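Breakdown of the fold
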Amino acid sequence: MTTPVYLDNNATTRCDEAVVEAMLPFFTEQFGNPSSMHAFGARVGGAVKAARAQLQRLIGAEFDHEIVFTAGGTESDNMAILSALEIDPNRDEIITSAVEHPAVLSLCGHLEKTRGIKVHVIPVDGQGLLDIAAYRAALSSKTAIVSIMWANNETGTIFPVAELAELAKEVGALFHTDAVQAVGKVPIDLKSTVIDMLSLSGHKLHGPKGIGALYVRRGTRFRSLIKGGHQERGRRAGTENTPGIVGLGKAAELAALHMADEETRVAALRDRLEKGLLQRIPACFVTGNPAERLPNTSNIAFEYIEGEGILLLMNREGIAASSGSACTSGSLEPSHVLRAMNIPYTAAHGAIRFSFSRDNTDADVDRVLEVMPGIIEKLRALSPFWQGADKAPATFAPVYA
Ligand code: PLP
């Protein structure tokens, strides 16, 4: 039997053994409530404080109390946006991008529909880069918050969030970034920026699921989404998920140690996979911006076939990756990210995201290169679109106007 190959690390990562080890005592011996006055609580309180400092270091926050623990990326995104709308009644507009995660986009859609909030959705170009002119034009004294992701989960494209935040400040708006895919993969130093809030999630960086954090810059006005006790300085009520917090802290410490590896070894694996696939398979191309992107992500569009078929056959070979398609009312819709980039349907339908982590090896790349040409050929033999297609040679990230 062949060893399974996991290349879906942007969906979730394997929890590191050292993370699990760090967490375990907090289910049993160290079970105290960190808010308690006695020794049981104090010991756990110390561990929560240590985890906050580990996270603070990873994202370059100036103060540890700028970290608010949450139940994950989705909650952090919701908290940031909903808080901003409560700060100033004269500011009731949101600016976001067309390629955000549903944690931001579906909330914005809901707010537009139910509360009449004006949402400016800034378009991107064929490589997924933000239309800066449209962004500047949308900023105004009505803007409550800008929420633009640090890096895209499907293509890996990185946004110039530090500069975008500076522009938001010029009109007095809050700036939030969903950095769920960036934290632990690329260096982040928040104290050298004017970013007000940042979301991150444990399970994307070899930590546990159901734990995340929202960075809230000191001095940023904030309204808690979850009302209750005084935990997290009143910013997120509810007894803390102490094993999760300790695990996230450990994951942050390990991510900092492995960052250089991610940027070189992991990027080299990714590049070898791309080069190998483009050489072996006709009519496919890499989507996103080749320079401004995460070191671990590759999104490749195989033209004239459907991603679901590709994933199914890959799965039979023990290879896990993903497609951005969503099944809407029985028909497979290509990903909103690729559609926003104006990638033709015939290519967007066949897009596959390969996302690496520090667990991947050269053998994983060899295995994918061995089986992918056969899979694509098999599916294309069944595709009426492929029969009449122009079999263009492989290209790298073409720009569709
Ligand atoms: N934001 C981005 C960019 C993501 O990729 C994800 C997860 O896929 C989330 C938010 C949601 O994070 P969580 O699963 O922790 O709620």
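Here's what I pulled together on the structure shown here. Source: prediction; values computed, not measured.

1. Examining the overall build of the chain
In terms of regular secondary structure, the chain is built from 12 helices and 15 strands. Expected size for 401 residues packed as a compact globule is a radius of gyration near 21 Å; at 22 Å, the chain falls within 12% of this value. Here the C-alpha coordinates of the chain stretch approximately 70 × 50 × 40 Å along the principal axes. Per-residue burial over the chain gives 58% buried out of 401 residues. When the accessible surface of the chain is summed, it comes to about 16500 Å², and 56% of that surface belongs to carbon and sulfur atoms.

2. Here we look at helix α6 (residues 161–170)
Among all positions of α6, only V161, L164, A165, L167 and A168 are buried. Viewed along the axis of α6, the buried residues span an arc of 160 degrees, placing them on a single side of the element. The inward-facing, buried residues of α6 abut α5 (132–138), β5 (143–147) and β6 (174–178).

3. Some details on the environment of A11
Position of A11 relative to the elements: it lies in the loop between β1 (5–6) and α1 (17–23). Residue classification places A11 among the partly exposed residues on the basis of a relative accessible area of 31%. Spatially, the C-alpha atoms of A11 and G116 are 32 Å apart, while their sequence positions differ by 105 residues. Look past the residues within four positions of A11 in its chain and what remains in contact with it is Y6, H203, K204 and R353.

4. Considerations on the pattern of salt bridges
Applying the stated criterion across every chain, the model contains 20 salt bridges. Here D8 makes a salt bridge to R353, at a shortest N to O gap of 3.1 Å. Taken together, the positions of D8 in the loop between β1 and α1 and R353 in strand β14 (residues 351–355) put the pair 345 residues apart, joining distant regions of the chain. Residue D8 is classed as buried on the basis of its relative accessible area, which comes to 11%. A salt bridge links R293 to E274, with the nearest nitrogen and oxygen atoms 2.8 Å apart. Of the two residues, R293 sits in the loop between β9 (284–286) and β10 (297–302) while E274 sits in helix α7 (residues 242–280), which places them 19 residues apart along the sequence. Of the two residues, R293 and E274, both sit in the buried class. Several salt bridges converge on common partners, so that one network encompasses R14, E17 and D359.

Rules used throughout
- Residues numbered from 1 in each chain as written.
- Predicted model: local features only at pLDDT ≥ 70, side-chain atom pairs only at ≥ 80, totals over all residues.
- Heavy atoms only, no water.
- Helix = DSSP H or I, 4+ residues; strand = E, 2+ residues; numbered from the N terminus.
- Rg over C-alpha atoms; globule rule 2.2 N^0.38 Å.
- Buried < 20%, exposed > 50% of the residue type's maximum accessible area, 1.4 Å probe, protein only.
- Areas by Shrake-Rupley, 256 points an atom, 1.4 Å probe, with all protein chains shown as cover.
- Arc of directions from axis to C-beta.
- Contact = heavy atoms within 4.5 Å.
- Salt bridge = Lys/Arg side-chain N within 4 Å of Asp/Glu carboxyl O.

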